[in-house]
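# Summary of the model geometry
Chain by chain, the residues:
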Amino acid sequence: MSFDLAALTEAVSLHGRVARVVVAYIAGSTPREVGAAMLVWPGGQSGTIGGGTLEFQAAERALTHEGLSRHALGPELGQCCGGAVTLLTEQFDAARVASLDCDVIARGSGSRPLTVQRILDCARAQGITPKPQLVQGWMIEPVLKPENELWIWGAGHVGRALVDVLAPLKRFAITWVDTGPERFPDTIPLGVSPLPAKDPALLMAHAPTHAAHLILTYSHEFDFQLCHGALQRGFTFAGLIGSDTKWARFRNRLRNLGHSDEKIQGITCPIGQKELGKQPHAIAIGVASQLLSHDFKGATVCPTLCSASEA
């Protein structure tokens, strides 16, 4: 888990004053891990530190109390986990959020301990991202940065379901492409960048070569051109919605354009898990499972070099 600065900034802009409650330390069996956090504002909240009585009471007092608090889940709260949790509650306004412009956020009372300074020095000098942790009364959290780039091609029913499922996971920086602004919903989740383009395939050349792609436009020809472009550009994952028959036809056409069978097999089609059903959210859940289990660092499909007349 990491400090979701973007979500906090948005919440403060909408609600003015927002409390953030983060799990700072755990002992024994607990519902959530260190770094799990929730935001609380008058009349609402987002995120979770594990639910149950712990979360209920923490949310009730979040806007009136700040600082560290320790809770024995069994004796004090009657929760069955039986462990103990230390929570850090902080309140933020626009000015305080603006002061958090850094990659690792460390705060506490008194002078900064030497151990904390060493952790920050390693993060800055060596690029070593620290885990969320409580060190001598100081809370250290890296700012959340999505691990991977994901381009979703198509804003129809399945595209919208995929964004619904994937955006809250905070694992991906999502670029969402379709042929016009009217194709997108009125409300776009935080961390998702809508990108309208009359000819989506022209954008593939601008996608990072380390990006993942989910291709599911309303047009088979758009889908085909995007597959062709992805093979030319390179990717870490590419998934195409469709039947076995559609994929067989695409494979033949891609082969005729000069792509090798080895490269073509780098595209996953169909996507999702058939046994879950064909409803948009069922497909999205299956696709999310594929993406979350995929080794983005270890598997990259390099670009295919086609002849000039074919490309």
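Now for a description of the structure that goes with this document. Remember, predicted model here, so these are calculated numbers, not experimental data.

## A word on the overall build of the chain
Across its full length, the chain carries nine helices and 14 strands. The C-alpha extent of the chain, read off along each of the three principal axes, is 70 × 45 × 35 Å. Taking all 311 residues of the chain together, 45% fall into the buried category. Restricting the contact set of the chain to residue pairs at least 6 apart, pairs at least 24 apart contribute 61%. As presented, the chain carries roughly 15500 Å² of accessible surface, and 53% of it is formed by carbon and sulfur atoms. Between the averaged position of the 27 positive side-chain charges in the chain and that of its 28 negative side-chain charges there is a distance of 3 Å.

## Description of the packing of aromatic side chains
Enumeration over the complete set of coordinates arrives at five aromatic pairs. Look at Trp 176 and Phe 184: their rings are 5.3 Å apart centre to centre, the planes differ by 80 degrees, and that puts the pair in the edge-to-face class. Taken individually, Trp 176 and Phe 184 each receive the classification buried, so the pair is uniform in this respect. Stacked on the ring of Phe 3, the Lys or Arg Arg 20 has its end atom at 3.8 Å from the ring centre. When the ring centre of Phe 224 is taken as reference, the NZ or CZ atom of Arg 253 above it lies at 3.7 Å.

## A short note on the environment of Arg 255
Structurally, Arg 255 is set in helix H7 (residues 244-256). Expressed as a C-alpha distance, the spacing of Arg 255 and His 228, which sit 27 residues apart in the sequence, is 9.9 Å. Sequence-distant contacts of Arg 255, defined by excluding residues within four places in its chain, comprise Asp 261 and Ile 264. Within polar-contact distance, the side chain of Arg 255 engages the side chain of Asn 252 at 2.8 Å.

Rules used throughout
Residues numbered from 1 in each chain as written. Predicted model: local features only at pLDDT ≥ 70, side-chain atom pairs only at ≥ 80, totals over all residues. Heavy atoms only, no water. Helix = DSSP H or I, 4+ residues; strand = E, 2+ residues; numbered from the N terminus. Buried < 20%, exposed > 50% of the residue type's maximum accessible area, 1.4 Å probe, protein only. Contact = heavy atoms within 4.5 Å. Areas by Shrake-Rupley, 256 points an atom, 1.4 Å probe, with all protein chains shown as cover. Lys, Arg positive; Asp, Glu negative; His and termini not counted. Charge placed at Lys NZ, Arg CZ, Asp CG, Glu CD. Phe/Tyr/Trp six-rings, centres within 6.5 Å; stacked < 30°, edge-to-face > 60°. Lys NZ or Arg CZ within 6 Å of the ring centre and 35° of its normal. Polar contact = N/O pair within 3.5 Å; in protein donor to acceptor, adjacent residues only side chain to side chain.

Purely spatial values, then, with no claim about function.
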